[in-house]
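Given next are the chains, with one letter for each unit.
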Amino acid sequence: MKLHILRVLALVVLAGVLGGCDVKTKITQYPTFYTPDLKTVAVVPFRSQCQDRSAGDIIADRVANGISATETYKIYNRNDLKAVLDEKDLNLALGGDSAQAADAFKRSGNVQALLTGTVTTFSTSTRSEPRQEPIYAYNRNGGMYISGYRSYIWTRNEATVSVTANLIRVSDGTTIYAMARPAEFTVPAEGSPPALDPHGCLARATDRAVACLVEEFSVVQKEVKLPIDKCCRLATNFYDGKWEYSDSFSMASPKMYAVITLPPNCDRNRFRLTIVRKDQRQDLAEAEFVWDRNNSDQKGRSFEFNARDIAAKGGGAGDYTLKFYSGLSPIIMRNFKISEK
C-alpha cells in the first residue's frame, strides 16, 4: 500500500513537471531594505488627505499592530509615545511633519526609524435603483411566456482605501524606504441586498491596505507559487545568452548544470539541491545556497555538476533524479538520464 502511494505521488510530481504546474512553498519574505540591525521603529499617526480626518490614526494603529505581530522590530505605536518623549517632543512627533518627528525621536535615543504615511482615500459610496425581472410561465401547449414582472431594489455599495508610507532614519532624517505606489484597494458589493453594507466594504478594503503595508515593511511568512517548468531545470551549456536545457547527459561530455530561477521575494531564503539514483536515497551530489534577488532574471543561478562522477557513485549509466528542497522536503523532482556516450 505504501509503495503504491509513493508511485502515485511520483506520477503526480512528474505530471506537474510535464504539465507546467505550480508548486506551493512557504518562504520568509524580507523587505528589500531590511537589515537585522534595524530593531526599533515608531509608527506615528498618518496624515489624512481625505474627508475622514480619523483615517490616518485608524490606519497607523492597525499597521503598527500588524507589524508588531511579525516581531520584526520593537514597535512604538501612538499610545507608547508618551513613555519615550517629553511633552514638547510628543507634540512634534504627532504634528504631522516627518522631519520634526525624526528630530524629536533622535533626542529620545530610543527609536532608530520612523514610519510615516498618508491616507489619500478612505471613502464609501452606495447607489440604489429600482429594477424589474420577468416572471415566466408556460401555457397548456408548453410554450413559455412572461406572466408578469417582479420589482426589486438593486444596490451597489463600494469602498476605496488608498495609503502610502515611508520609513525614515531617525539619526539623519533620510528615507530608508518609500513605497513605489500606494496600497489602494476597492471593495464592491452589489445585489438585493448586497452581502456587505458600505461600512463592511470599508472594513475589508482597510484590511487589505493594512496587510499590504505590513508585508511591505516587515518580515513575513508567505506561501508562494513556483512554476515547476521554469524554476528548476537542467542544462548542458550556456550559449549566446541562453541555457541549452536537456534531460539527457553523457559521461563522455560530463558537464551538467542545475539552473535555478526564483522570484525576487525568495531573497535570503535557503534552498538545497541533491542528485540521487532514481528511486534511491543516497545523495550523490548536492549544493546548498541562499537565494539572492539579483539572480531573479532569465539567466538565474547555475550549479555545475559532473555526470561522470555522479554515475561513478550511482552505479553507472541510467536514470537519476534532481531534487530541489525548500526546507526539509523536496518540492520539485526532475528525472534525467546519464549515458555512457
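Residues numbered from 1 in each chain as written. Predicted model: local features only at pLDDT ≥ 70, side-chain atom pairs only at ≥ 80, totals over all residues. Heavy atoms only, no water.

**Some thoughts on the sheet that holds strand β13 (residues 255–260)**
Thought 1: Pairing is antiparallel in the open sheet, where four strands are placed in the order β11-β10-β13-β16. Whereas interior strands pair on both sides, the edge strands pair on one side only; in this sheet they are β11 (242–245) and β16 (301–306). Going across the sheet, the axis of each strand differs from the next one's by a mean of 50 degrees, ignoring polarity.
Thought 2: Pairing analysis gives six bridges linking β13 to β16, with the strands arranged antiparallel. Considered in β16, the bridge of M256 is made with F305. (Pairing = 2+ DSSP bridges. Helix = DSSP H or I, 4+ residues; strand = E, 2+ residues; numbered from the N terminus. Axes fitted to C-alpha atoms, helices over the stretch in contact; angles between N-to-C directions.)

**Re a nonpolar patch on the surface**
Thought 1: A surface patch of nonpolar side chains, amounting to about 610 Å² of accessible area, comprises Y136, Y138, M144, I146 and Y149.
Thought 2: Elements that contribute at least two residues to the nonpolar patch include exactly β5 (113–138) and β6 (144–169).
Thought 3: In terms of residue count, β6 provides more of the nonpolar patch than any other element does, three residues in total.
Thought 4: For M144, the location among the structural elements is in strand β6.
Thought 5: A relative accessible area of 53% means that M144 is categorised as exposed. (Patch = residues over 30% accessible without salt bridge, like charges linked within 9 Å, V, L, I, M, F, W, Y side chains within 5 Å. Areas by Shrake-Rupley, 256 points an atom, 1.4 Å probe, with all protein chains shown as cover. Salt bridge = Lys/Arg side-chain N within 4 Å of Asp/Glu carboxyl O. Buried < 20%, exposed > 50% of the residue type's maximum accessible area, 1.4 Å probe, protein only.)

**As for unusual backbone geometry**
Thought 1: Residue P193 follows S192 across a cis peptide bond; omega there is 0 degrees.
Thought 2: With respect to the helices and strands, P193 occurs in the loop between β8 (183–191) and α6 (198–217).
Thought 3: Phi is positive for E71, which is not a glycine, with a value near 60 degrees.
Thought 4: Among the secondary structure elements, E71 is positioned in the loop between α2 (55–70) and β4 (74–76).
Thought 5: Phi angles above zero are rare outside glycine, and D279 is one such case at about 70 degrees.
Thought 6: Residue D279 is classed as exposed on the basis of its relative accessible area of 70%.

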